[in-house]
Amino acid sequence: MAVIIAPVIITSIERSQFNKNSGLLSKSEASKQSDIAVIYFSRSGNTAIMANKIAEMFDAELINIEAPKYEIGVTGLVNAAMSFQDHEVEITPQTIDFAKYNKIYLGSPIWFYRPSPSIWKFAENNRFDGKDVVFFNSYNSNYGQNYIDEFKSLVMKHDAKSFEHKAIIRGRMGSQLSTEEFLNEVTTLFAEN
């Protein structure tokens, strides 16, 4: 019974977050011409509002990575749970010409202690020649530093100039930081740049 009820409850919470976060995103500018890019994948919108805030702070261009396999709903949740280690996922865009950027912010939720498959695939597909890369995320309880190190190795192998990781603990579903508290944390963390 719990196997059936848990996905329904999780999907309900995710859908609520997605709807609330979508409303926040529609009020902000989608992108700007800048030498900074904020590129992110988000399922429920938590990483999206984080990315949006970072783009706003640095007057950066904002680019969303889409992965239909992981859309909100029970199917997307099951796909996320079943393929969290899978780097073979369809994403759009697959590549970006980074020539005009000096700094790249890459954002992803943490799934099972690791960056989502969508951001792995994006990093595998792209070169970061001479760019400063900042990987950012929020997470429920923890992330595996070994997975962050592995992601850093991938980005550095693609010739990034530097790599930095910034993360915020949002909390478990049902007891997360409020959106206002979360955005305040984002502002504080990234004001240090």
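Now for a look at the structure at hand. (Residues numbered from 1 in each chain as written. Predicted model: local features only at pLDDT ≥ 70, side-chain atom pairs only at ≥ 80, totals over all residues. Heavy atoms only, no water.)

1. Topic: the overall build of the protein
Right, on to step 1. Tallying secondary structure elements over the protein gives 6 helices and 7 strands in all.
Right, on to step 2. Reading the protein from its N terminus to its C terminus gives the helix and strand order α-β-α-β-α-β-β-β-α-β-α-β-α.
Right, on to step 3. Among the 193 residues that make up the protein, the fraction classed as buried is 46%.
Right, on to step 4. Residue pairs at least 24 apart in sequence account for 80% of intrachain contacts in the protein once pairs closer than 6 positions are excluded.
Right, on to step 5. With an accessible surface of roughly 9,500 Å², the protein has 51% of that area assigned to carbon and sulfur atoms. (Helix = DSSP H or I, 4+ residues; strand = E, 2+ residues; numbered from the N terminus. Buried < 20%, exposed > 50% of the residue type's maximum accessible area, 1.4 Å probe, protein only. Contact = heavy atoms within 4.5 Å. Areas by Shrake-Rupley, 256 points an atom, 1.4 Å probe, with all protein chains shown as cover.)

2. Some points on the sheet that holds strand β3 (residues 103–107)
Right, on to step 1. Taking strand neighbours across the sheet as the criterion, the 5 strands line up as β2-β1-β3-β6-β7 in an open arrangement whose pairing is parallel. Two strands lie at the open edges of the sheet, namely β2 (61–65) and β7 (162–169), each paired on one side alone. Recorded for the sheet is a direction-independent mean angle of 20° between the axes of neighbouring strands.
Right, on to step 2. Where strand β1 (residues 36–41) meets β2, 5 bridges bridge the pair, whose relative direction is parallel. Directly across from I39, in β2, lies its bridge partner I63.
Right, on to step 3. Here helix α4 (residues 117–125) sits on the sheet and contacts β1, β2, β3 and β6 (132–139); the angle it forms with β3, its principal contact strand, is near 150°. (Pairing = 2+ DSSP bridges. Axes fitted to C-alpha atoms, helices over the stretch in contact; angles between N-to-C directions.)

3. A look at the packing of α4 against helix α5 (residues 145–157)
Right, on to step 1. One can describe the packing of α4 onto α5 by two numbers: an axis separation of 9 Å at closest approach and a directional angle of 25°. The pairing of α4 with α5 is recorded here as roughly parallel in orientation. Every residue of α5 that contacts α4 at I119, W120, A123 and E124 is listed here: Y147, E150, F151, L154 and V155.
Right, on to step 2. For the contact of α4 with α5, a count of residues per class yields 7 nonpolar, no polar and 2 charged. (Parallel < 35°, antiparallel > 145°, perpendicular 65-115°, else oblique. Nonpolar A, V, L, I, M, F, W, Y, C, P; charged D, E, K, R; others polar.)

4. Some points on the packing of aromatic side chains
Note on aromatic pairs: each is described by the distance of the centres and the angle between the planes.
Right, on to step 1. Within this structure, the stated rule accounts for 12 aromatic pairs.
Right, on to step 2. For the ring pair F135 and F151, a centre distance of 4.7 Å and an interplane angle of 40° mean the geometry is tilted. With a gap of 16 residues between them, F135 in strand β6 and F151 in helix α5 connect regions that are remote in the sequence. The same class applies to F135 as to F151, namely buried.
Right, on to step 3. Its guanidinium or amino end placed over the ring of Y147, R114 lies 4.0 Å from that ring's centre, counting from NZ or CZ.
Right, on to step 4. Its guanidinium or amino end placed over the ring of F182, R170 lies 4.3 Å from that ring's centre, counting from NZ or CZ. (Phe/Tyr/Trp six-rings, centres within 6.5 Å; stacked < 30°, edge-to-face > 60°. Lys NZ or Arg CZ within 6 Å of the ring centre and 35° of its normal.)

5. A short note on the pairing of β3
Right, on to step 1. In terms of burial, β3 is a largely internal element, 4 of the 5 residues being buried.
Right, on to step 2. In this sheet, β3 lies alongside β1 in parallel orientation, the contact comprising 5 bridges. Within the sheet, the bridge partner assigned to Y40 lies in β3 and is G107.
Right, on to step 3. By the bridge criterion, 5 bridges tie β3 to β6 in an arrangement that is parallel. From the neighbouring strand, G107 faces β6, where its bridge partner is F136.

6. Side note on helix α2 (residues 46–58)
Right, on to step 1. Look at α2: 19 Å from first C-alpha to last across 13 residues, which is about the 18 Å you get at 1.5 Å a residue.
Right, on to step 2. At the exit of α2 stands D59, carrying a positive phi of roughly 50°. (Expected span 1.5 Å × (residues − 1).)

7. A look at the nonpolar core
Right, on to step 1. Ranked by size, the top nonpolar core spans 30 residues in total, and within it I39, L106, F151 and V155 carry the most contacts.
Right, on to step 2. Each residue touching V155, except ones within four places of it in the same chain, is listed here: L106, A123, F128, V133, A160 and F163.
Right, on to step 3. Counting 19 residues, the second largest nonpolar core, distinct from the first, contains Y40, A55, F136 and F182. (Core = buried A, V, L, I, M, F, W, Y, C linked by side-chain atoms within 4.5 Å.)

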